[in-house]
Amino acid sequence: MRAWWQDLTDLVLPAECGGCGRPREVLCPECRAALMGAAPSRVRPAPEPVGLPEVHAAAPYEDAVRAALLAHKERGALALAEPLGTALAGAVRAGLGEGWGGGAEDFPPGRGASSAGDGTGPRGDVLLVPVPSARRAVRARGHDPARRIALSAARVLRRAGTPARVLAVLRQRRAVADQAGLDSRQRLDNLAGALEVAAGGVPLLGGGRVVLVDDLMTTGASLAEAARAVRAAHDRWVVSSAADGKDAGRTGEEAVRIRGVRGMHGVDHAGEGLCAAVVAASPDAFHINRN
């Protein structure tokens, strides 16, 4: 476990750029440009896991971006949470689309802020639900990287006028193997049924638009499993509400359809549909128009 003074030292006196190693920089201008210089893009892995929601990413996972994510995750360069969170916030806004409020002043050019810029937002908060790391990994690293970046992204979104908060309601219900070295099918099998929504977490998801967030997407297995867990928990809660008489006269299936939490089942009308956002994705995932 990291000592508190190490965290403070990292935040106040960064030793080197997380992307290229330039001294006395958290992230130098060139590496910031690699991370946030282009508009976030829709990404899709191949093969695409069943149930994967629409995903937007800030940058390809390569070179300086890869180095910065690894420095934050594995070497505890905690000051990188700020630029990584800003990049994630842009990907979140790209996934939400227009009309979710806030201006562009807190986003770099092309980062997905509403073109209206009038500070007016729609229904409820943006609820950032991070994909959890394995407990043993959190203990070894001394922090949960995805949650830390999500908290930073929520602050950026709020400064831009979009009400946002982090709901860390997902947890691992069983142990999983290390994903390193596994192919896409093996990762899906490894994670199948591994996540669940913590007791008491499901009603909280009814307070706004749910966006699954993570630092990185490679095969999409983690996000697909997170989406499955959130949808399953939500459906059980709605059916339970129907059984308790809150939806008198309706079947469980009708209750799920009518009382569904915003964003759970990919409704097509504007502003709806469970979506996901990541800081980075495999470079191949940016080529979504392949045959």
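A brief look at the structure comes next. Being a predicted model, the structure only gives us computed values, none of them experimental.

Scanning the protein from terminus to terminus reveals nine helices and eight strands. Across the protein, the fraction of contacts at a sequence separation of at least 24, relative to all contacts at a separation of at least 6, is 70%. As presented, the protein carries roughly 13300 Å² of accessible surface, and 51% of it is formed by carbon and sulfur atoms.

Structurally, the position occupied by H72 is in helix α3 (residues 63-74). Beyond its immediate stretch of four places on either side in the chain, H72 contacts A77, L78, L80, A81, L84, H143, P145, R148 and I149.

Attention now moves to the sheet that holds strand β8 (residues 275-281). One open sheet accounts for six strands, arranged β1-β2-β8-β7-β3-β4; its pairing is mixed. With partners counted over all chains shown, the strands left at the sheet margins are β1 (41-43) and β4 (164-166), one partner each. Averaged over all neighbouring strand pairs, the angle between strand axes comes to 35 degrees, with direction disregarded. Where β1 and strand β2 (residues 54-60) come together, three bridges link them in antiparallel fashion. Paired with R42 across the two strands is H56, which belongs to β2.

Take unusual backbone geometry next. The residue after A46, namely P47, is reached through a cis peptide bond having omega 0 degrees. Structurally, P47 can be placed in the loop between β1 and β2. Its identity is not glycine, yet R24 carries a phi of approximately 60 degrees, on the positive side. Here R24 shows up in the loop between α1 (4-12) and α2 (29-36).

Here we take up the nonpolar core. Judged by nonpolar contacts, the single largest core of 38 residues is most densely connected at V92, L128 and V211. If one sorts the elements of this core by residue count, helix α4 (residues 81-96) sits on top with seven residues. If sequence neighbours within four positions are ignored, V92 has contacts with V126, L128, L157, V211, V213 and A277. Core analysis: the next-biggest nonpolar cluster, separate from the first, contains 29 residues, V43, L167, V202 and A233 among them.

Per the counting criterion, the structure on display carries ten salt bridges. Residues R42 and E54 are paired through a salt bridge, measuring 3.5 Å at the closest nitrogen-oxygen approach. Within this pair, whereas R42 is found in strand β1, its partner E54 is found in strand β2, the two being separated by twelve residues in sequence. What makes R42 partly exposed here is its relative accessible area of 25%. Look at E54 and you get partly exposed, because its relative accessible area is 33%. Residues participating in the shared-partner salt-bridge network are R171, R173 and E196.

Conventions and cut-offs
Residues numbered from 1 in each chain as written. Predicted model: local features only at pLDDT ≥ 70, side-chain atom pairs only at ≥ 80, totals over all residues. Heavy atoms only, no water. Helix = DSSP H or I, 4+ residues; strand = E, 2+ residues; numbered from the N terminus. Contact = heavy atoms within 4.5 Å. Areas by Shrake-Rupley, 256 points an atom, 1.4 Å probe, with all protein chains shown as cover. Pairing = 2+ DSSP bridges. Axes fitted to C-alpha atoms, helices over the stretch in contact; angles between N-to-C directions. Core = buried A, V, L, I, M, F, W, Y, C linked by side-chain atoms within 4.5 Å. Buried < 20%, exposed > 50% of the residue type's maximum accessible area, 1.4 Å probe, protein only. Salt bridge = Lys/Arg side-chain N within 4 Å of Asp/Glu carboxyl O.

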